[in-house]
Amino acid sequence: MSRILLVTGTDTDVGKTVVTALLNKYLNECGVMSVTQKWVQTGSKSGHDDISRHMGSVHDGERTLAGYRGLMVPYTLAHAASPHLAAVLEGVEINAATIIENSRELSRHFDVVLSEGAGGLMVPVNADVTILDIAEILGADVLVVAANRLGCINHTLLTINELKRRSVGIVGVVFNRTSPEGDEIVLRDNPKMISRMSGVEVIGELPFFLDEGTLYEAFRPIGVRVLEILKKGDRNGK
C-alpha cells in the first residue's frame, strides 16, 4: 500500500492538525509506515511548523524521520495568511512542482503520506495553483475534516461536490467539535444530513478537546475505519 491522503478542512481551524496527528499515531501503531506532511506552513515566525507537534516515528526499529524533514515541510512562512499571500509578503515563490515531487518521494519510502492542507480545498498556494489542483495531480485521496457547528452543512457539501466534480477520491468525512457549546439538536443533525445529501460516509466525530489520551481513545474507531477504507481502496467520488 502506497497512498497519499490529503487531510483537508471545510475551513481554517477545524481540526486538520489534530486529525492528522491522531491518524498518524494510529497507523504507526498498526504497523503501517505513515508520515505526516504539510505542503505550506504559514504563521510560523520561529521556523517551526504545526507538523512538528505530530511527527510519529517509523516502527521498524532503524529508520527515523531525520532524513525526510525537508520533504515533509517544503515551505515554512512567517505570516499567518493564505500561502500565496504569505509567500508574496516574504518574497518567496512557491513552486507546486516542488510540493508534488516531495510528496511523491515520501510515497516511495512510506506506506501512507498524510498531507495536511492549508485551510480548504480552494486555497491558493500561488497565483495559479490551489490545494485541490495539487491533490488532483498527485492522485491523492481526500479525508474531509468538518467543524461540527451551525453552517457546516453548506461548507461540507460544497467541499464534497467539488471533489466529486473533479473525480477526486473521498475517503470520508470526520466531524470535530471545536467548542464545548452549541445546540445539540443542530449538532446531531449535521452529520446525518451531510451523509444523506452527499452519499459520502461520515466516519465519525471527535468530541471537544479532552486530554490527549482520552481524545486518542475517542479517535480510535475513526482510525480503524480509515485504515479499512485505505486497504480496500473504497472511495466516494471515483
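Quick caveat, the model's predicted, so the values are computed rather than measured.

**Quick look at the overall build of the protein**
Logical step 1: Within the protein, the regular secondary structure consists of eight helices and eight strands.
Logical step 2: Taken over 238 residues, the protein has a buried fraction of 51%.
Logical step 3: The contacts of the protein with a sequence gap of at least 6 include a subset with a gap of at least 24, amounting to 79%.
Logical step 4: Within the structure as shown, the protein displays about 10,700 Å² of accessible surface, and the carbon and sulfur contribution to it stands at 51%.

**With respect to the packing of helix α1 (residues 16-29) against helix α8 (residues 212-232)**
Logical step 1: It is the contact of α1 with α8, at a shortest axis distance of 9 Å, that shows an interaxial angle of 70°. Considered as vectors, α1 and α8 are oriented roughly perpendicular to each other. Helix-helix and strand crossings are classified by hand; for α1 and α8 the assignment is right-handed. Contact residues: α1 offers V18, V19, L22, L23, K25, Y26, L27 and E29, while α8 offers L215, Y216, F219, R220, G223, V224, V226 and L227.

**Observations regarding the packing of aromatic side chains**
Logical step 1: Summed over the entire model, instances satisfying the criterion amount to one aromatic pair.
Logical step 2: Relative to F110, the ring of Y68 lies with its centre 5.0 Å away and its plane at 75°, an arrangement referred to as edge-to-face. One end of the pair, Y68, is in the loop between β3 (40-41) and α2 (69-72); the other, F110, is in the loop between α4 (96-109) and β5 (112-116), and 42 residues separate them in sequence.
Logical step 3: A relative accessible area of 2% places F110 in the buried class.
Logical step 4: K25 extends its terminal NZ or CZ atom over the ring of Y216, reaching a point 4.3 Å from the ring centre.

**Describing the pairing of strand β2 (residues 34-38)**
Logical step 1: Burial of β2 is extensive: five of the five residues sit out of reach of the surface.
Logical step 2: Side chains S34, T36 and K38 project from β2 onto one buried face, and the interleaved V35 and Q37 project onto a second face that is buried too.
Logical step 3: With five bridges joining them, β2 and β5 adopt parallel strand pairing. By the bridge assignment for β5, Q37 is matched with S115.

**So, helix α3 (residues 83-90)**
Logical step 1: P83, A86 and A87 are the residues of α3 that are buried. End-on view of α3: buried residues confined to an arc of 100°, all on one side of the axis.
Logical step 2: Buried residues along α3 sit against β3.
Logical step 3: After α3 finishes, the residue G91 shows a positive phi value of roughly 70°.

**So, the packing of helix α6 (residues 152-165) against helix α7 (residues 184-198)**
Logical step 1: Where α6 meets α7, the closest approach of the two axes is 10 Å, and the angle between their N-to-C directions is 30°. One element, α6, and the other, α7, form an angle in the roughly parallel class. Along this stretch, α6 crosses α7, giving a crossing that reads as right-handed. From α6, C152, I153, T156, L157, I160 and K164 reach across to α7, where they touch D189, N190, M193, I194, M197 and S198.
Logical step 2: Grouping the amino acids of the contact of α6 with α7 by side-chain chemistry returns seven nonpolar, three polar and two charged.

About the criteria used
- Residues numbered from 1 in each chain as written.
- Predicted model: local features only at pLDDT ≥ 70, side-chain atom pairs only at ≥ 80, totals over all residues.
- Heavy atoms only, no water.
- Helix = DSSP H or I, 4+ residues; strand = E, 2+ residues; numbered from the N terminus.
- Buried < 20%, exposed > 50% of the residue type's maximum accessible area, 1.4 Å probe, protein only.
- Contact = heavy atoms within 4.5 Å.
- Areas by Shrake-Rupley, 256 points an atom, 1.4 Å probe, with all protein chains shown as cover.
- Axes fitted to C-alpha atoms, helices over the stretch in contact; angles between N-to-C directions.
- Parallel < 35°, antiparallel > 145°, perpendicular 65-115°, else oblique.
- Left-handed = near helix turned anticlockwise from the far one by under 90°.
- Phe/Tyr/Trp six-rings, centres within 6.5 Å; stacked < 30°, edge-to-face > 60°.
- Lys NZ or Arg CZ within 6 Å of the ring centre and 35° of its normal.
- Pairing = 2+ DSSP bridges.
- Arc of directions from axis to C-beta.
- Nonpolar A, V, L, I, M, F, W, Y, C, P; charged D, E, K, R; others polar.

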